[in-house]
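# Coordinates in review
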Amino acid sequence: MYIDKKLFSEQVILQQQEIENKQAALTILANELQRKNVVNAEFLPAILKREEKYPTGLALEGGLGVAIPHTDPDKVEKEQLGFISLKEPVKFRQMGDIDSYVNVSMIFILCLKSPDKQLNMLKSLMTMFTDTVTMKKIQNSTTRAEFLAIVN
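Summary of the structure given here. (Residues numbered from 1 in each chain as written. Predicted model: local features only at pLDDT ≥ 70, side-chain atom pairs only at ≥ 80, totals over all residues. Heavy atoms only, no water.)

### With respect to the pattern of salt bridges
Filter applied, for reference: A pairing counts as a salt bridge when a side-chain nitrogen of Lys or Arg comes within 4 Å of a carboxyl oxygen of Asp or Glu. To qualify as a helix, a DSSP run of H or I must reach at least 4 residues; to qualify as a strand, a run of E must reach at least 2; elements of each kind are numbered from the N terminus. Between buried and exposed lies partly exposed: a residue is buried under 20% and exposed over 50% of the maximum accessible area for its type, with that area taken using a 1.4 Å probe on protein chains only.
Inspection of every chain in the model, using the stated rule, returns eight salt bridges. Residue glutamate 18 pairs with lysine 87 through a salt bridge whose shortest N-O separation is 3.4 Å. Taken together, the positions of glutamate 18 in the loop between β1 (13-17) and α1 (22-35) and lysine 87 in strand β4 (residues 80-94) put the pair 69 residues apart, joining distant regions of the chain. The class of lysine 87 is partly exposed, set by a relative accessible area of 45%. Ionic pairing is found between arginine 93 and glutamate 52, a salt bridge with its closest N-O pair at 3.0 Å. Placement of the pair is arginine 93 in strand β4 and glutamate 52 in helix α2 (residues 43-53), with a sequence separation of 41 residues. Taking the relative accessible area as the measure of exposure, arginine 93 reaches 11% and is therefore buried. Under the relative-accessibility criterion, glutamate 52 is labelled partly exposed at 43%.

Below you can see the structure in the form of structure tokens.
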């Protein structure tokens, strides 16, 4: 088990979306999270600002790319994760190297209230990201039930 399914209880799981760019993908996720009262109105601007300063794109084995945007806990009303997979990748800047880009096809957005929980979730996600078979299954999943069965 990589992720507790309770963190997806609001069902912010969007799959095989056609999105033009990073900002559009983050906006769609943040708007859906806000609509479900998971985050407040400050969440989207904070995510976009943080992503510019501290990029979260990661290149994985097998040619996959993910991003794990997150921001300060005061923007979070209820602890959740959001997920979106994309039909075509969008460019994110590489974590730790703002001059490099990653083609990202999956975004896990973290909405957590404490730094300890964020750190533990990042560790869990990083473990999952090293499992190429699991990550390809997630990328190819088409239903929420299928996605939840893979990550849980």
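### Points about the nonpolar core
The line we're drawing: Take the buried residues of types Ala, Val, Leu, Ile, Met, Phe, Trp, Tyr and Cys, join any two whose side-chain atoms come within 4.5 Å, and each joined set is a nonpolar core. Note on definitions: a residue-residue contact is assigned when non-hydrogen atoms from the two residues lie within 4.5 Å.
Formed by 26 residues in total, the largest nonpolar core has its most connected members in Ile3, Phe108, Phe129, Met135 and Ile138. Those elements giving two or more residues to this core turn out to be β4, β5 (97-111), α3 (115-129), α4 (132-140) and α5 (144-151). Considering every element that reaches this core, the biggest residue donor is α3, with five residues. The residues touching methionine 135, leaving out its near neighbours within four places in the chain, are Leu60, Leu64, Val66, Met106, Phe108, Met128 and Phe129.

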